[in-house]
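Okay, here's what each chain looks like letter by letter:
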Amino acid sequence: NITMEIIVSSFYKYAIIENPEAFQREHQDYCNELGIKGKILVAKEGINGTVSGTKEQIDKYERELLKNILFTGMTFKRTITDEHPFKKIIVRVRKEIVTSGLNVDMKNVGERITPKELKGLYDKKEDFIILDARNDYESKIGKFHNAITPKLEVFRDFTKISKKLSKHKKKKIVMYCTGGIRCEKASAYMKEQGYEKVYHLQDGILNYIEQYPDTYFEGRCFVFDNRLSVPSGKKTIDIALCEFCHIPSGRYINCANMKCDKLFICCEKCDKEYKHTCSKSCRGIILNNKISVITKFLNFIKTLTD
């Protein structure tokens, strides 16, 4: 079998889109025509998306976006996989391109710091705070060395962080997230709360590990598609533990019991042994469902032979 190489491209840009509904309709039609897959959010504050396709499709898509003056200078973070991480293409209008409820002026964002500059801070052992702006389940499988990883269930809870770090308002704070969209908005919030030296990592973790794999990002990077995570280099060492056998693993799966659908860390061996489920009760439900399907099938065959 010939495996096709699929390019996954992630991007965002804070820009004023006057009529996001009209943009959504036109963009949905264009993506359908091009044949790419993925999820794109559009709002008056900008665009945020991840799409997948062949190199030819993604090259064409990125060029088309950059033709729009609103998205001048927008960058794309690419990863490679052997199958589409999305089932279809969805373009939706939202109030925000990343749900935050922070209500900030994006003119107040902190300074951008490049992956090279961040690596330089680590190399020189400079005194700075590295702050994760992601959710707890994301930082659980991967984070920057010595990072502060708040116990956030959702990004909306970020307001709690400012109070906890209030004694560091004069210290250099470098914030990061997956692709840069959350830490950029959060940096504006921190500035408005009186923090003086706030930076946000340009294009996030994905950009950093592409340029400097196997350096200061530890573990795996969580992504919001069917892959659920990507390695931070060829020498990636998992920092989380399988919830069953407690060996190092950065592999997230969803419980096969659809009513549960719990997201949890599970190594490949335990995944097979426990039938893709998170608990004994969920395994029982899956087994009963299979027995029910087989019983119905056998009864159907019986009606044909009677």
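Residues numbered from 1 in each chain as written. Predicted model: local features only at pLDDT ≥ 70, side-chain atom pairs only at ≥ 80, totals over all residues. Heavy atoms only, no water.

A. Structural view of a positive patch on the surface. A surface patch of positive charge is lined by Lys39, Lys88, Arg92 and Arg94. With respect to the helices and strands, the residue Lys88 is situated in the loop between strand 4 (76–81) and strand 5 (89–93). For Lys88, a relative accessible area of 53% corresponds to the exposed category. (Patch = residues over 30% accessible without salt bridge, like charges linked within 9 Å, V, L, I, M, F, W, Y side chains within 5 Å. Areas by Shrake-Rupley, 256 points an atom, 1.4 Å probe, with all protein chains shown as cover. Salt bridge = Lys/Arg side-chain N within 4 Å of Asp/Glu carboxyl O. Lys, Arg positive; Asp, Glu negative; His and termini not counted. Charge placed at Lys NZ, Arg CZ, Asp CG, Glu CD. Helix = DSSP H or I, 4+ residues; strand = E, 2+ residues; numbered from the N terminus. Buried < 20%, exposed > 50% of the residue type's maximum accessible area, 1.4 Å probe, protein only.)

B. Structural context of the packing of aromatic side chains. Enumeration over the complete set of coordinates arrives at 19 aromatic pairs. Between Tyr12 and Tyr14, the ring centres sit 5.8 Å apart and the planes meet at 75°, which makes this aromatic pair edge-to-face. No difference in accessibility class separates Tyr12 from Tyr14, as the two residues are buried. With centroids separated by 6.4 Å and ring planes inclined at 20°, the aromatic side chains of Tyr30 and Tyr61 adopt a geometry described as stacked. With Tyr30 in helix 1 (residues 20–34) and Tyr61 in helix 2 (residues 55–66), this pair connects stretches of sequence that are 31 residues apart. Residue Tyr30 shares its accessibility class with Tyr61, and that shared class is buried. Every member of this aromatic cluster is reached through a ring pair, and the members are Tyr122, Phe128, Phe144, Tyr176, Tyr208, Tyr212, Tyr216 and Phe217. The ring of Tyr195 carries the charged tip of Lys169 above its face, separated from the ring centre by 5.5 Å. (Phe/Tyr/Trp six-rings, centres within 6.5 Å; stacked < 30°, edge-to-face > 60°. Lys NZ or Arg CZ within 6 Å of the ring centre and 35° of its normal.)

C. Quick look at unusual backbone geometry. A positive phi is found at Asn146, a non-glycine position, where the angle reads about 65°. Tracing the sequence through the fold places Asn146 in the loop between strand 8 (142–144) and helix 5 (159–164). Residue classification places Asn146 among the exposed positions, given a relative accessible area of 59%. One non-glycine residue, Asp203, adopts positive backbone phi at about 60°.

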